[in-house]
Amino acid sequence: QDINLNNYETIDPQIHKTIQALKEDYQHSWSLDEMAKIANLSKFQFAHYFKDILGISPYSWLQIYRVIKSQEMLKTTNQTVLNIAMDCGFSSVTVYNQLFKRLYGMTPGAFREMVNK
């Protein structure tokens, strides 16, 4: 239900600290400046360093984490897909639906139907 980050703490404490902050407040509309500030790097340095360490951009990581968090809500609540998308920090239900489908090959609604059978 979550992403294990223990290895990143030893690999790079700055990145680990930033990821912890993102996880704790994933609903927030994070800017690259805010992320970089936590790591005590310029946003340019941070963006490149993050991608070097994790293989994806900070924003992509955050979006994937939001989708992961949304899965539990889809399984355990009767909230609408729109409310779940907004609660997880997505800018729109369209962005949420597109990313969910790209990652899992189905819409959030189809996922909910599948797991609740």
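How each quantity is defined
- Residues numbered from 1 in each chain as written.
- Predicted model: local features only at pLDDT ≥ 70, side-chain atom pairs only at ≥ 80, totals over all residues.
- Heavy atoms only, no water.
- Patch = residues over 30% accessible without salt bridge, like charges linked within 9 Å, V, L, I, M, F, W, Y side chains within 5 Å.
- Areas by Shrake-Rupley, 256 points an atom, 1.4 Å probe, with all protein chains shown as cover.
- Salt bridge = Lys/Arg side-chain N within 4 Å of Asp/Glu carboxyl O.
- Lys, Arg positive; Asp, Glu negative; His and termini not counted.
- Charge placed at Lys NZ, Arg CZ, Asp CG, Glu CD.
- Helix = DSSP H or I, 4+ residues; strand = E, 2+ residues; numbered from the N terminus.
- Buried < 20%, exposed > 50% of the residue type's maximum accessible area, 1.4 Å probe, protein only.
- Contact = heavy atoms within 4.5 Å.

> Describe in detail a negative patch on the surface, supporting the description with residues and values.
Taken together, the side chains of E24, D25, D33 and E34 define an acidic patch exposed on the protein surface. With respect to the helices and strands, D25 occurs in the loop between α2 (13-24) and α3 (32-39).

> Summarise the environment of L74; cite the residues concerned and give the values.
For L74, the location among the structural elements is in helix α5 (residues 58-76). Exposure remark for L74: the relative accessible area of 0% places this residue in the buried category. Considered as a pair, L74 and I84 are 10 residues apart in the sequence and their alpha carbons are 7.6 Å apart. Setting aside residues no more than four positions away along its own chain, L74 makes contact with V81, I84, Y96, F100, P108, F111, R112 and N116.

> Hey, could you go over the environment of M106 for me, with residue numbers and the actual values?
If you trace the backbone, M106 turns up in the loop between α7 (93-104) and α8 (108-115). On the basis of relative accessible area, M106 is assigned to the partly exposed category, the value being 22%. Those residues within four positions of M106 in sequence are excluded, and the remaining contacts are F100, K101, F111 and M114.

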